[in-house]
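Summary of structural features
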Number of protein chains: 2
Amino acid sequence: MANAQTTKLKILDAAEELFADHGFSETSTRQITKKAEVNLASVNYHFGSKNELIQAVIERYLEVLVPNIDVELTGLKNDNPNPTLEEVFSVFIRPILSLNQQRKNGTSILLQLLGRSYTDSQRHMRRFFLGNYGDVVAKFVALVYKAQPGLSPSEIFWRLHFTLGTVVFTMASSDALMDIARADFDEQIAIEGVVKRLIPFIAAGVSAP
Amino acid sequence: MANAQTTKLKILDAAEELFADHGFSETSTRQITKKAEVNLASVNYHFGSKNELIQAVIERYLEVLVPNIDVELTGLKNDNPNPTLEEVFSVFIRPILSLNQQRKNGTSILLQLLGRSYTDSQRHMRRFFLGNYGDVVAKFVALVYKAQPGLSPSEIFWRLHFTLGTVVFTMASSDALMDIARADFDEQIAIEGVVKRLIPFIAAGVSAP
DNA sequence: GTCTATAATAAGATAGAC
DNA sequence: GTCTATCTTATTATAGAC
């Protein structure tokens, strides 16, 4: 076994950062193993292929995040039989921000990864929606519908995808946006600030007339 | 000269489609020249490098689109001294949809390209905002401010970037979304339908309390 | 302007010694 | 599990004949 665990973790840590910053196909296994300070062959030994490494990087986040969102969703349903749309969307805030405790810059790394994987052929993102976590998605959609019963299923579909785009895209470029805000508006904002600015925007969009 | 013009155009046409479908770094010059049915060396002869070809593909759209948006903006200002937010955002509809007359699937191709270029290192998108077309952006922002005077400059900045994310991201995956809508909701929707569904969402988000 | 041939480089992956 | 060395393949780009 030796350092198997730490090597695998070193690869995951290095890979997620490079993927988030530069994208999947723009990041080579050579860059990853160099940054991780492990041998070139270890990526294929531990993960089989670069593609499986990409999967593993995303899965490591989702398998923590999605159960947390699930807990929030059931908590909201119990505490509040008729939550507002803004309350429904807020179920994401705590789980997503708590990724920062789990790993440095965890929040923005995951969201950047989601942004990348959505445009980069969409394979991994579809997995997120229709794959293992479909029941949590359904639970969330049901709450949206309850908070905004006027919307048809097709309208909910479109507006939730608009929402997804807003969030993922914003977060994929959050570093640049925070820099501009700092320079142009003297606004010292962190990732939490961005998330909290997003919620009213999204809630208003989804409940638009 | 010979077929210079048609070769160059054939390359641009093939490239824009491949870039929109698969991304910039996932598309090789070999694929482009094969699809265009021209010689491999012609990309470098006519454009210098693959990167300059990417620029040329995007520029060909923007140099038509941005002046049209400018016309709409001044038209709106003259016709309507106090336009609503929804009217302000609607200035994009006609110019963007008219790209379909210019070239088959022009609308979705450009918007997919913008989606790609935003995450793919953001170089081309920044050009769009801060480069040659900065005055048109400023004109648009001024109209947004007039329609929604309660918003601070910093709030406008954030909300317009949220908007940008919504649009670009949606359009980058519009084909997939239209397919799902067709399959799941029996909804025969074209790109115009997506654009028109986006406007209320965006307008509500920007004017959120 | 167009073509073939090829250079130069970088990629993912693996065989086999330790 | 880890390492070196290497294979195979694909890339962008260019030199030089036509």
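Refer to the structure above for everything that follows.
Below: a short report on this structure. (Residues numbered from 1 in each chain as written. Chains lettered and ligands numbered in written order. Predicted model: local features only at pLDDT ≥ 70, side-chain atom pairs only at ≥ 80, totals over all residues. Heavy atoms only, no water.)

Quick look at unusual backbone geometry now. Residues and elements named next belong to chain A. Residues other than glycine seldom take positive phi values, yet D186 does so here, at roughly 50 degrees. Counting through the fold element by element, D186 comes out in the loop between α11 (174-185) and α12 (191-206). The exposure class assigned to D186 is exposed, which follows from its relative accessible area of 71%. (Helix = DSSP H or I, 4+ residues; strand = E, 2+ residues; numbered from the N terminus. Buried < 20%, exposed > 50% of the residue type's maximum accessible area, 1.4 Å probe, protein only.)

The transformation that overlays chain A on chain B combines an axial shift of 0.0 Å with a rotation of 180 degrees, and the residual RMSD is 0.2 Å. Look at the turn and shift together and you get a two-fold axis relating the two. Interface overlap between copies: 98% of the residues of chain A at the interface are likewise at the interface in chain B, consistent with a symmetric, same-surface contact. (Least-squares fit on C-alpha atoms with pLDDT ≥ 70 in both. Contact = heavy atoms within 4.5 Å.)

Around DNA strand C, the structure places 17 residues, and the nearest of them are T29(A), R30(A), K50(A), T7(B) and N39(B). In DNA strand C, atoms within 4 Å of the protein come 60% from sugar and phosphate. In this structure, N39(B) approaches DNA strand C through a side-chain N or O atom, which is 3.3 Å from a phosphate oxygen. In the model, a phosphate oxygen of DNA strand C is placed 3.0 Å from a nitrogen or oxygen of the H46(B) side chain. Contributing elements (two or more residues each) for the surface near DNA strand C: α2 (29-36) of chain A together with α1 (4-22) and α3 (42-47) of chain B. (Near = heavy atom within 4 Å. Polar contact = N/O pair within 3.5 Å; in protein donor to acceptor, adjacent residues only side chain to side chain.)

You can see T33(A) is positioned in helix α2. Leave out the neighbours within four places in its chain, and T33(A) touches V38(A), N39(A), L40(A), S42(A) and V43(A).

Geometrically, a pair of aromatic rings is defined through the distance of the ring centres and the angle of the planes. One pass over the structure, following the stated rule, counts 15 aromatic pairs over all chains. Seen from their ring centres, F92(A) and F140(A) are 4.9 Å apart, and the 70 degrees between their planes marks the pair as edge-to-face. Remark: F140(A) occurs in helix α9 (residues 134-147) and F92(A) occurs in the loop between α5 (85-89) and α6 (93-102); sequence separation between them is 48 residues. For F92(A), a relative accessible area of 24% translates into the label partly exposed. The class of F140(A) is buried, set by a relative accessible area of 9%. Look at F157(A) and F185(B): their rings are 5.4 Å apart centre to centre, the planes differ by 50 degrees, and that puts the pair in the tilted class. Here F157(A), found in helix α10 (residues 153-172), pairs with F185(B), found in helix α11 (residues 174-185), and the two come from separate chains. For F185(B), a relative accessible area of 31% puts it in the partly exposed group. What links up through ring pairs into an aromatic cluster is the set F157(A), W158(A), F162(A), F185(B) and F201(B). Looking at K8(A), its charged tip hangs above the ring of F47(A), at a distance of 5.7 Å from the centre. (Phe/Tyr/Trp six-rings, centres within 6.5 Å; stacked < 30°, edge-to-face > 60°. Lys NZ or Arg CZ within 6 Å of the ring centre and 35° of its normal.)

This brings us to the interface of chain A and chain B. Where interface size is given, it is often the accessible area lost as the parts come together that is meant. With 44 residues of chain A at the contact, the number on the chain B side is 43 residues. Carbon and sulfur atoms make up 73% of the area that chain A and chain B hide from each other, which totals about 3700 Å². It is W158(A), F169(A) and F201(A) that lose the most area in chain A upon contact with chain B, and together they represent 23% of the buried surface on that side. On the surface where chain A and chain B come into contact, there are 0 salt bridges. It is α10(A) that provides the largest number of residues to the side of chain A that touches chain B, a total of 15 residues. Broken down by class, the residue content of the side of chain A that touches chain B amounts to 23 nonpolar, 13 polar and 8 charged. (Buried area = accessible area lost by both parts, 1.4 Å probe. Salt bridge = Lys/Arg side-chain N within 4 Å of Asp/Glu carboxyl O. Nonpolar A, V, L, I, M, F, W, Y, C, P; charged D, E, K, R; others polar.)

Residues and elements named next belong to chain B. Counting through the fold element by element, E16 comes out in helix α1. On the basis of relative accessibility, which here comes to 2%, the residue E16 falls in the buried class. Here the side chain of E16 touches R60 through a polar contact of 3.2 Å, side chain to side chain.

Time to look at α11(A). All names here are of chain A. Given a rise of 1.5 Å per residue, 12 residues ought to cover 16 Å, and the 15 Å separating the end C-alpha atoms of α11 matches this to within 8%. Every buried residue belonging to α11 is among S174, L177, M178 and A181, and all of these are buried. An end-on view of α11 places all buried positions within 100 degrees of arc, on one side of the element. In α11, the exposed positions angled more than 90 degrees off the buried face are occupied by A183 and D184. Just downstream of α11 lies D186, where phi reads positive at about 50 degrees. (Expected span 1.5 Å × (residues − 1). Arc of directions from axis to C-beta.)

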